[in-house]
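# Residue-level structure breakdown
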Amino acid sequence: DHRLSHTWHVYAKGGPLAYLDGLDGRDMVVPVGEAGLGWDGELSEVDLLAGHDVVGSAGYATAVWADDASIAWAAHPTRKVTFYLEGSAFRNGDAPDQPSNIEGYSVGAGLTYAFTPSVSGNLQGQRIQQTADYGTAGAPDIVNMNRNIVGVSLTWTPQLAPREL
C-alpha cells in the first residue's frame, strides 16, 4: 500500500503461481495479482480493485482462473456505524489458460455497528448474478452461480496491550 496524498492511496501485488494441471500433469507458471486505488475521506471511503487469480477449493483438477473488478463505498456517519455498498464484475475459465466460460456481476450492501471497540455486529446482503455460461464445447451449461446471500455476524477482536521492551 502506498499513499499518494493525504486522501489517495494505491495498492498492488502480483507474482507467479506454480500450477500442476491435475488432468494432464502439465507443470506451468501462471501470473496472478491484484491492484487497487482508494480514496479516504473524513466520513467515507471509495476503493476500486481489479485482479487475476486461480481459485478452487476442490483441487487443481477443478480450479478456475478468475478476473474481477470491483468498486466499494463505505460511509461512517458516526464512530459506531458504517454503511457500505459494493459492485463487481467477474469472468472465469478453466485453469490455467482456457477461454472464459462464465461471466457475471455482484452487488451488495451492509451495515456494521460497533458495540465496543472490540465487539461489532454486521448485517449484509449480496446478489451474485451469472450473465453468461458458455459451457464447454458440446457439453450442457451446468454451472449456475446465481445466489442471494444474507449474512449476520458478531465479531470479537481481542485488544492486545502493547508489550514493553
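These numbers were taken from a predicted model, which means no experiment stands behind them.

## Looking at the packing of aromatic side chains
All told, the structure shown has 1 aromatic pair when counted by the stated rule. Ring plane angle 70° and centroid distance 5.1 Å describe the contact between Y113 and F115, whose orientation is recorded as edge-to-face. Of the residues examined, Y113 reaches a relative accessible area of 35% and is grouped as partly exposed. Take F115: its relative accessible area is 44%, and that puts it in the partly exposed class.

## Side note on the environment of Q124
Note on placement: Q124 falls in strand β8 (residues 119-133). Apart from residues no more than four positions distant in its own chain, Q124 is found in contact with Y84, A109, G110, I149, V150 and G151. Polar side-chain contacts of Q124 include one of 3.1 Å to the side chain of Y84.

## Structural notes on the side chain of S44
The topology assignment puts S44 in strand β4 (residues 44-55). Under the relative-accessibility criterion, S44 is labelled buried at 17%. Residues contacting S44, with those up to four places away along its chain left out, are W39, W73, A74, A75 and H76.

## Here's the deal with the sheet that holds β4
Ordered in space as β1-β2-β3-β4-β5-β6-β7-β8-β9, the 9 strands form an open sheet in which the pairing is antiparallel. Whereas interior strands pair on both sides, the edge strands pair on one side only; in this sheet they are β1 (2-3) and β9 (147-156). With 2 bridges connecting them, β1 and strand β2 (residues 8-20) associate as antiparallel partners. Within β2, the residue paired with H2 across the bridge is V10.

## Side note on the pattern of salt bridges
Under the defined criterion, the tally for this structure stands at 2 salt bridges. A salt bridge links R3 to D40; the nearest nitrogen and oxygen atoms lie 3.4 Å apart. With a gap of 37 residues between them, R3 in strand β1 and D40 in strand β3 (residues 27-40) connect regions that are remote in the sequence. By relative accessible area, D40 is classed as partly exposed at 23%. The partner of R91 in a salt bridge is D67, with the nearest N and O atoms 2.9 Å apart. Linking R91 in strand β6 (residues 81-94) with D67 in strand β5 (residues 64-75), this pair joins segments that are 24 residues apart in sequence. Residue classification places R91 among the partly exposed positions, given a relative accessible area of 39%.

Definitions and limits used
- Residues numbered from 1 in each chain as written.
- Predicted model: local features only at pLDDT ≥ 70, side-chain atom pairs only at ≥ 80, totals over all residues.
- Heavy atoms only, no water.
- Phe/Tyr/Trp six-rings, centres within 6.5 Å; stacked < 30°, edge-to-face > 60°.
- Buried < 20%, exposed > 50% of the residue type's maximum accessible area, 1.4 Å probe, protein only.
- Helix = DSSP H or I, 4+ residues; strand = E, 2+ residues; numbered from the N terminus.
- Contact = heavy atoms within 4.5 Å.
- Polar contact = N/O pair within 3.5 Å; in protein donor to acceptor, adjacent residues only side chain to side chain.
- Pairing = 2+ DSSP bridges.
- Salt bridge = Lys/Arg side-chain N within 4 Å of Asp/Glu carboxyl O.

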